Structure formats: structure tokens, C-alpha cells
Amino acid sequence: MEFLRNFIMTGIRDMIKRDVALYQTYQYASGWFSKGVLTQTDLEEISRLYEEKAQAEIPIEQTEPTEVVEPAVEEIPEEDKPVESTEESEG
């Protein structure tokens, strides 16, 4: 029975590498699990392999570090500054 289990797991690993849909692989594996050929550990391995494959397929954006440039602040000439009122408004 161990030979059959190894044979089935080799086929399932190949299915994962060849991008067979997750549900098809799970359906195939669950059939062998219900017959007592695959174990719960095998199903956990299949799940882990799909998770690892999904993580490897997520593109990671690599960006160049950018320099932060602060905008130049110019002094406002005295004649252009608003005049503040010192009078208190009546009301």
C-alpha cells in the first residue's frame, strides 16, 4: 500500500506543478483518502504545496528608492505681507 501512496502523491505533486486547478487536485486526493490510501498528513502536504505555490506567484514590486525633495520655501518680502489689524472689532 505504501508504494501506491507514494505513486499517488508523486502524481499529485506533478498536478500542482502543472497548474491543475485546486478543486480538481483536492477532489482526486479526497477519493484516495476515502479509500484509505492517503493520510491526513498527505492532505496537509497538498494544501501546503498549493499555499507555497500561491505565495511564489504573488509579484513583489521592486522600486528604486526615491529621494524626498522638500519644496523650497521663499520668504515673503515685507511689503507683500498682509497687514494684521490691531484694532479690536466692535460687536
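Residues numbered from 1 in each chain as written. Predicted model: local features only at pLDDT ≥ 70, side-chain atom pairs only at ≥ 80, totals over all residues. Heavy atoms only, no water.

**A word on the packing of aromatic side chains**
How two aromatic rings sit relative to each other is set out by the distance from centre to centre and by the angle between their planes.
Next, step 1: Taken as a whole, this structure holds three aromatic pairs when the rule is applied.
Next, step 2: Here the aromatic rings of Phe3 and Phe7 are separated by 6.2 Å at their centres, their planes lie at 25°, and the arrangement is stacked. Taken as a pair, Phe3 and Phe7 lie in helix H1 (residues 2-17) at a separation of four residues, close to a single helical turn.
Next, step 3: You can call Phe3 exposed: its relative accessible area is 66%.
Next, step 4: On the accessibility criterion, Phe7 (54% relative accessible area) is exposed.
Next, step 5: Summarising the aromatic geometry, the rings of Tyr28 and Trp32 are spaced 6.5 Å apart at their centres and angled 75° between planes, so their arrangement reads as edge-to-face. Taken together, the residues span about one helical turn, with Tyr28 and Trp32 both in helix H2 (residues 22-34) at a distance of four residues.
Next, step 6: Overall, the relative accessible area of 36% leaves Tyr28 in the partly exposed class.
Next, step 7: Against the face of Trp32 rests Lys35, its NZ or CZ located 4.8 Å from the ring centre. (Phe/Tyr/Trp six-rings, centres within 6.5 Å; stacked < 30°, edge-to-face > 60°. Helix = DSSP H or I, 4+ residues; strand = E, 2+ residues; numbered from the N terminus. Buried < 20%, exposed > 50% of the residue type's maximum accessible area, 1.4 Å probe, protein only. Lys NZ or Arg CZ within 6 Å of the ring centre and 35° of its normal.)

**So, H2**
Next, step 1: With 13 residues, H2 extends 18 Å from end C-alpha to end C-alpha; this agrees with the ideal 18 Å at 1.5 Å per step.
Next, step 2: Of the positions making up H2, those classed as buried are Thr25, Ala29 and Trp32. For H2, the arc enclosing every buried residue in end-on projection is 55°, short of the 170-degree limit, so these residues lie on one face. Of the exposed residues in H2, the ones pointing more than 90 degrees away from its buried face are Tyr23, Gln27 and Ser34.
Next, step 3: Along its buried surface, H2 packs onto H1 and helix H3 (40-57).
Next, step 4: In the stretch just after H2, Gly36 is the one whose phi turns positive, near 85°. (Expected span 1.5 Å × (residues − 1). Arc of directions from axis to C-beta. Contact = heavy atoms within 4.5 Å.)

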